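A look at the structure
Residue-level listing of the chains:
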Amino acid sequence: ANAVRIEADGRLTGEMFDGVGLKAALDEAGFAIAGRRVLLVGAGGAARSIAFMLADAGADLVIANRNLARAEALAGEVGASAGPADPRGFDLVVNATSLGLKPDDPLPVDAGLLSPATDVCDIVIGDGPTAFERAAMARGCRTLGGQRMLDHQFDAVIRFLQGG
């Protein structure tokens, strides 16, 4: 959970906001989800929330992860499929791994395989575009960084903590 609140009866209620924040950021940027082939790279905490959001929003979703069993398990939960981190043939590629936090990290996918028609979103937040975003821009892709997702998460967390 990204946030936990105490209810009037003393129960604790937790929520994840990564998917909510990313959906708002994608909508704001004009990156459609419904009916599009989406490659989600990652199957950890943030990726999990994002996978449920993408599936609920009508994406034709494929989940890739270093640990294939973990990708398959998450894909089974959201009604998606698991596959390799190969961006060919996808309309949207979302990096929901920690790759990119360190300057010497490898890219989450081979950027040389990106089509200029592919939208790319990297949820990693840093000083300016990540290496993955820069590589995607060099291929002619539209990109979206993680800061907008985080901004929208803050809004959602505040509403949640206020009981909304």
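Read on for a plain summary of the structure. Every chain is numbered on its own, with residues counted from 1 as its sequence reads. Under the rules for a predicted model, residues below a pLDDT of 70 receive no local features and side-chain atom pairs below 80 are neither given nor counted, while totals for whole chains, interfaces and linings still include all residues. Excluded from the side-chain calculation are hydrogens and water; included are all heavy atoms of the structure.

1. Digging into the overall build of the protein
Applied cut-off: Working definition: helices are DSSP H or I runs of at least four residues, strands are E runs of at least two. Numbering for both runs from the N terminus. Only the C-alpha atoms count toward the radius of gyration. The rule for a globule is 2.2 Å times the residue count to the power 0.38. By the convention used here, residues are in contact when the closest approach between their heavy atoms is within 4.5 Å. Throughout, the Shrake-Rupley method with a 1.4 Å probe supplies accessible areas, and for residues the shown protein chains are the sole cover considered. Two residue types count as positive, namely Lys and Arg, and two as negative, namely Asp and Glu; His and chain ends fall outside the count. Charge coordinates come from a single atom per side chain, which is NZ of Lys, CZ of Arg, CG of Asp or CD of Glu.
The helix and strand inventory of the protein stands at five helices and eight strands. Scanning the protein from its N terminus toward the C terminus, one meets helices and strands in the order β-β-α-β-α-β-α-β-β-β-α-β-α. Against the compact-globule benchmark of 15 Å for 164 residues, the protein has a radius of gyration of 16 Å, which places it among compact chains. With the C-alpha coordinates of the protein rotated into their principal frame, the extents come out at 55 × 35 × 30 Å. Residue pairs at least 24 apart in sequence account for 58% of intrachain contacts in the protein once pairs closer than 6 positions are excluded. As presented, the protein carries roughly 8100 Å² of accessible surface, and 53% of it is formed by carbon and sulfur atoms. Distance from the positive charge centre (15 side chains) to the negative charge centre (21 side chains) of the protein: 2 Å.

2. Digging into the nonpolar core
Selection criterion: The criterion is simple. A nonpolar core is a set of buried Ala, Val, Leu, Ile, Met, Phe, Trp, Tyr and Cys residues joined through side-chain atoms within 4.5 Å. Using a 1.4 Å probe on the protein chains alone, a residue whose accessible area is under 20% of its type maximum counts as buried, one over 50% counts as exposed, and one in between counts as partly exposed.
Core analysis: the largest hydrophobic core is formed by 28 residues, its most contacted members being Leu 22, Leu 26, Leu 40, Ile 50, Leu 54 and Ile 63. Every element with two or more residues in this core is listed here: α1 (18-29), β3 (37-41), α2 (45-56), β4 (60-64), α3 (68-78) and β6 (92-95). If one sorts the elements of this core by residue count, α2 sits on top with five residues. With 14 residues, the next largest nonpolar core counts Val 62, Ala 64, Ala 111 and Leu 114 among its residues.

3. Quick look at the pattern of salt bridges
We apply this condition: Any carboxyl oxygen of Asp or Glu within 4 Å of a side-chain nitrogen of Lys or Arg constitutes a salt bridge here.
Applying the stated criterion across every chain yields a total of 10 salt bridges. Where Glu 28 meets Arg 148, a salt bridge forms, and the shortest distance between an N and an O atom there is 2.7 Å. Here the residue Glu 28 occupies a position in helix α1, and Arg 148 occupies one in helix α5 (residues 146-161), the gap between them amounting to 120 residues. Classification of Glu 28 by relative accessible area gives partly exposed; the value is 47%. Here Arg 148 falls in the partly exposed class, since its relative accessible area comes to 31%.

4. Comments concerning the packing of aromatic side chains
For clarity, the threshold we go by: Two rings belonging to Phe, Tyr or Trp (six-membered ring only in the last case) form a pair when the distance between their centres is within 6.5 Å. Interplanar angles under 30 degrees mark stacking, angles over 60 mark edge-to-face geometry, and anything in between is tilted. Distance and angle both matter: a charge sits over a ring if NZ of Lys or CZ of Arg is within 6 Å of the ring centre and within 35 degrees of the ring normal.
Taken as a whole and judged by the stated rule, the model has one aromatic pair. When the ring centre of Phe 90 is taken as origin, the NZ or CZ atom of Arg 37, which lies over that ring, is 4.2 Å away.

5. Some points on a nonpolar patch on the surface
Going by this rule: Here the term patch refers to residues with relative accessible area over 30% and no salt bridge, with like charges joined within 9 Å and nonpolar side chains (Val, Leu, Ile, Met, Phe, Trp, Tyr) within 5 Å.
On the surface, a cluster of nonpolar side chains totalling about 330 Å² of accessible area is made up of Val 4, Ile 6 and Leu 12. Note on placement: Leu 12 falls in strand β2 (residues 12-15).

6. Here's the deal with the environment of Asp 91
With respect to the element layout, Asp 91 can be found in the loop between β5 (81-82) and β6. Linking Asp 91 and Leu 39, residues 52 residues apart in sequence, is a C-alpha distance of 8.2 Å. Ignoring anything within four residues of it in the chain, the contact list for Asp 91 reads Arg 36, Arg 37, Ala 117, Thr 118 and Asp 119.

7. What about helix α4 (residues 131-138)?
Filter applied, for reference: This arc is taken over the directions from the axis of the helix to the C-beta atoms.
Buried within α4 are the following residues: Phe 132, Glu 133, Ala 135 and Ala 136. Seen end-on, α4 carries its buried residues on one side only, within an arc spanning 165 degrees. Packing partners of the buried residues in α4 comprise β6, β7 (119-122) and β8 (143-145). A positive phi of about 90 degrees marks Gly 140, the residue just after α4.

8. Points about the environment of Gly 79
Here Gly 79 is to be found in the loop between α3 and β5. Its relative accessible area of 71% is what places Gly 79 among the exposed residues. For the pair Gly 79 and Asn 65, spaced 14 residues apart in sequence, the C-alpha separation works out to 16 Å.

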